[in-house]
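Overview (structure and organization)
Read off the chains here:
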Amino acid sequence: MKQLGEEIFTWFKESRQNNPVYYDKDYALWFGATGTWHVFRNEDVRYVFSNHQIFSSEYMPKVQDNYLDKAMSSNDPPFHRKLRLLVSQAFTPKAMMDLQPWIEEYVDQLLDQVITDSGKMEFVRDIAVPIPMQVIARMLGVPNKDHAMFKDWSFKIVKQPTNEAEAKEFIEAQQAMGEYFREVIKERTEKPENDIISQLIQVELDGQKLTEDELLGFCVVLLLAGNETTTNWLSSTILTLAENPDIQERLAKNPDDISLLLEEVLRLRSPAQYQTRKAKQDVVLGGQTIKKGDLVAAWQASANRDESVFPNADQVDLDRKNMDHVAFGHGIHFCLGAPLARVEASVTIKKLLERIKNIRLQSEDIELNQSTVTYSIKELPIRFDRV
Ligand code: HEM
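Only a predicted model underlies this, so the values are computations on that prediction, with no experimental measurement involved. (Residues numbered from 1 in each chain as written. Predicted model: local features only at pLDDT ≥ 70, side-chain atom pairs only at ≥ 80, totals over all residues. Heavy atoms only, no water.)

This paragraph deals with the overall build of the protein chain. Looking only at helices and strands, the protein chain has 15 helices and 12 strands in total. Taken against the 2.2 N^0.38 rule, which gives 21 Å for 387 residues, the C-alpha radius of gyration of the protein chain at 21 Å falls within 12% of a compact globule. C-alpha atoms of the protein chain, sized along the principal axes, occupy 60 × 55 × 40 Å. Buried positions account for 56% of the 387 residues belonging to the protein chain. Here the analysis covers contacts within the protein chain between residues at least 6 apart in sequence; of these, 71% occur between residues at least 24 apart. If you sum the accessible surface of the protein chain, you get close to 17100 Å²; carbon and sulfur atoms cover 49% of it. Side-chain charges of the protein chain comprise 46 positive and 59 negative groups, with the mean position of each set lying 1 Å from the other. (Helix = DSSP H or I, 4+ residues; strand = E, 2+ residues; numbered from the N terminus. Rg over C-alpha atoms; globule rule 2.2 N^0.38 Å. Buried < 20%, exposed > 50% of the residue type's maximum accessible area, 1.4 Å probe, protein only. Contact = heavy atoms within 4.5 Å. Areas by Shrake-Rupley, 256 points an atom, 1.4 Å probe, with all protein chains shown as cover. Lys, Arg positive; Asp, Glu negative; His and termini not counted. Charge placed at Lys NZ, Arg CZ, Asp CG, Glu CD.)

Turning our eyes to something else, we now look at the site of the ligand. Near the ligand lie 27 residues; those nearest to it are H80, R84, R277, H333 and C335. Among the secondary structure elements, those contributing two or more residues to the shell around the ligand are α3 (79-90), α11 (212-243), β7 (274-279) and α15 (338-355). Examining the composition of the shell around the ligand, we find that seven residues originate from one element, α11, more than from any other. Classifying every residue of the shell around the ligand by side-chain character gives 15 nonpolar, 10 polar and two charged. (Near = heavy atom within 4 Å. Nonpolar A, V, L, I, M, F, W, Y, C, P; charged D, E, K, R; others polar.)

Attention shifts here to the state of the cysteines. All chains considered together, the criterion is met by zero disulfides. Summary of cysteine pairing: C219 is not part of a disulfide, and the nearest cysteine sulfur, belonging to C335, is at 16 Å. C219 sits in the buried class, given a relative accessible area of 0%. (Disulfide = S-S within 2.5 Å.)

Right, let's talk about the coordination of the iron atom of the ligand for a bit. Its sole protein donor being C335 (SG), the iron atom of the ligand sits 2.3 Å from that atom. Considering the arrangement of structural elements, one finds C335 in the loop between α14 (300-303) and α15. (Donors = N, O, S within 2.8 Å, 3.2 Å for Na, K, Ca; no water.)

Here the focus is the nonpolar core. Counting residues in hydrophobic clusters, the biggest one holds 110 residues, and the most contacted among them are W30, F123, L140, F181 and L380. Of all the elements, α11 adds the most residues to this core, at 15 residues. Each residue touching F123, except ones within four places of it in the same chain, is listed here: A128, L234, S235, I238, L352, L380 and I382. In terms of nonpolar packing, the next biggest core, distinct from the first, is built from 16 residues, V21, W37, V39 and V45 among them. (Core = buried A, V, L, I, M, F, W, Y, C linked by side-chain atoms within 4.5 Å.)

Here we come to the sheet that holds β7. The mixed open sheet is built from five strands, whose spatial order is β1-β2-β10-β7-β3. Of all the strands in the sheet, just β1 (21-28) and β3 (55-56) have a single pairing partner and so form its edges. With two bridges joining them, β3 and β7 adopt antiparallel strand pairing. Note on β7: the bridge partner recorded for F55 is A279. Against the sheet, helix α2 (residues 42-50) makes contact with β1, β2 (34-39), β3, β7 and β10 (295-299), and its axis sits at roughly 125 degrees relative to β10, the strand it touches most. (Pairing = 2+ DSSP bridges. Axes fitted to C-alpha atoms, helices over the stretch in contact; angles between N-to-C directions.)

Okay, structure coming up:
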């Protein structure tokens, strides 16, 4: 059977072999810029991620109301370090683990609603979208009534713009999010609640606090980084299970292996497919000279399928020796939310497989959303039997 996203995987493979680093003047990057170097091999992608002195994360256009521009993911040290240290005071692995009981309860309630005798569901809509949304919204203290609005904003921001109107939507969605959070920050400054925004208003490093714009940048990045990616991870996991009944059987007998499957899905269908950087100086990579100021797309989705690191890279293999993928990035920007994403995904898949089995697709006609920055399944109608 043809793999979903086959074209892009073939492009990765051919490029790794024949053209591992090349410039594409027409390539539209996710935030609207055109023209980039593509980097495909594992070794080179890791090199880009590890050398932030050469490959800067300050690539966002400096326009007003682009809050991502002030987020930690779009900044280099020393500013990045200051933001990451400040935010890490509230966003600790322990704080994320402490959310686990709440996540378990929420997932149980959701499954009660969506697992019905019809033996059918649309997985993206019914499970993969609501779970990360609820978790982030709870962290940020966003009420239920505003969730649909947030989903719409985050989708517009990560969607690949194909024309000027869509490029405008990218900025407009951020402005709308910015205005929303400005209000929330004002409210929490006056009356702190038990949420991460209230904590972030308080944190200090060397007598310095986060400014309002820095806080806004963090809220926007949390919604994007934590929402679309985790949705895509969950959907890709179910697609992989539907394609591999033998793995379903194995997991039914050995639920502890769910974590192995989840890591393999991150490797094979990396939810974030590439990261952008900007060269701070001329640099030679893969025999090509990247000039100071050029943009670079480091394709972690390709690095994760590099045969020189992962034998039989295109195969799902829960027993592979090396699972050291770069789906959560590498180096100083390594995903801050990885422990939370792992809790969300393992709780969801474990609880789901306790209740349903024999997961199969309702139709072979599955499509990806229009985006290359994410591997994002549009709809995933499945059938299942109850356990
Ligand atoms: C499957 C789920 C996820 C994937 C695949 C993912 C992937 C990534 C990647 C690749 C980066 C590095 C970006 C770069 O190098 O420029 C990153 C950074 C980040 N992620 Fe995640 N992420 C996920 C879930 C989450 C969640 C749930 C949160 C928070 C709730 C989160 C918050 C962040 C933050 C704040 C950063 C910026 C870190 C920095 O710049 O120092 N992510 N993520």
